[in-house]
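# Coordinate analysis (summary)
Here are the chains, one letter per residue:
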Amino acid sequence: MSRIGVKPITIPAGVKVTVNGQDVAVEGKLGKLAYTLPANIAAVVDGSEVKVSRKEDADELKAMHGLARSLVKNMVVGVSEGYKKELQIVGVGYKATLAGTKLTLNLGYSHAIVYDVPAGLKLTVTDGVKILIEGADKQLVGEAAARIRKFKKPEPYKGKGVRYSDEHVVIKPGKTNAQ
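If you're wondering where the values come from, they're calculated on a predicted model, not measured in any experiment.

## Points about helix H1 (residues 59–80)
Given a rise of 1.5 Å per residue, 22 residues ought to cover 32 Å, and the 33 Å separating the end C-alpha atoms of H1 matches this to within 8%. Turning to H1, its buried residues number three or more, namely Leu61, His65, Gly66, Ala68, Arg69, Val72, Met75, Val76, Val77, Gly78, Val79 and Ser80.

## Here's the deal with the pairing of strand S8 (residues 95–99)
Strand direction decides the pairing type here: S8 and strand S9 (residues 102–106), joined by five bridges, are antiparallel. Directly across from alanine 96, in S9, lies its bridge partner leucine 105. Connecting S8 to the next strand, S9, in antiparallel fashion are two residues, including glycine 100 with a positive phi near 70°.

## Comments concerning the sheet that holds S8
Within the open sheet, the three strands sit side by side as S8-S9-S10. Their pairing is antiparallel. Where the open sheet ends on each side, the last strands, each with one partner, are S8 and strand S10 (113–116). Mean inter-strand twist for the sheet, computed between neighbouring axes without regard to direction, equals 20°.

Rules used in this analysis
Residues numbered from 1 in each chain as written. Predicted model: local features only at pLDDT ≥ 70, side-chain atom pairs only at ≥ 80, totals over all residues. Heavy atoms only, no water. Helix = DSSP H or I, 4+ residues; strand = E, 2+ residues; numbered from the N terminus. Expected span 1.5 Å × (residues − 1). Buried < 20%, exposed > 50% of the residue type's maximum accessible area, 1.4 Å probe, protein only. Pairing = 2+ DSSP bridges. Axes fitted to C-alpha atoms, helices over the stretch in contact; angles between N-to-C directions.

Next up, the structure:
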């Protein structure tokens, strides 16, 4: 039995969840999200709760049961509260600028890196070194943050690069001249 999958999802005020066969649609103040449930997994709206169930007890379905419940829960939280990730750029001359839906990063390469902001995300750049990514889709927010970080991961000797604001980079000692 899936311990996660059997928990009901509470629907907050201002959020509307509709289930049409295998399709689940969630609508709230921050937008609309949709998800198609895997085969043999069903969802039912019961008053102010959503209950996800499975038709069989196969091991693969048990895992999919918990996954489907978590994804629907993330959609409900996303359209009501939203998700955000904060990135920080560390390094002399490293900076970011935002123009419309294009994020331009200067990260010490010979060229500037231009990142197209996906639809459904809101980016904010403050002081040229802090990037705030906000959106209703948890997966889209996390993926965008990971892609931006991947352009220049923090290096271990000086810590220069793009990092999450709560990430701790362990700085290695440099070479010593032992004679």
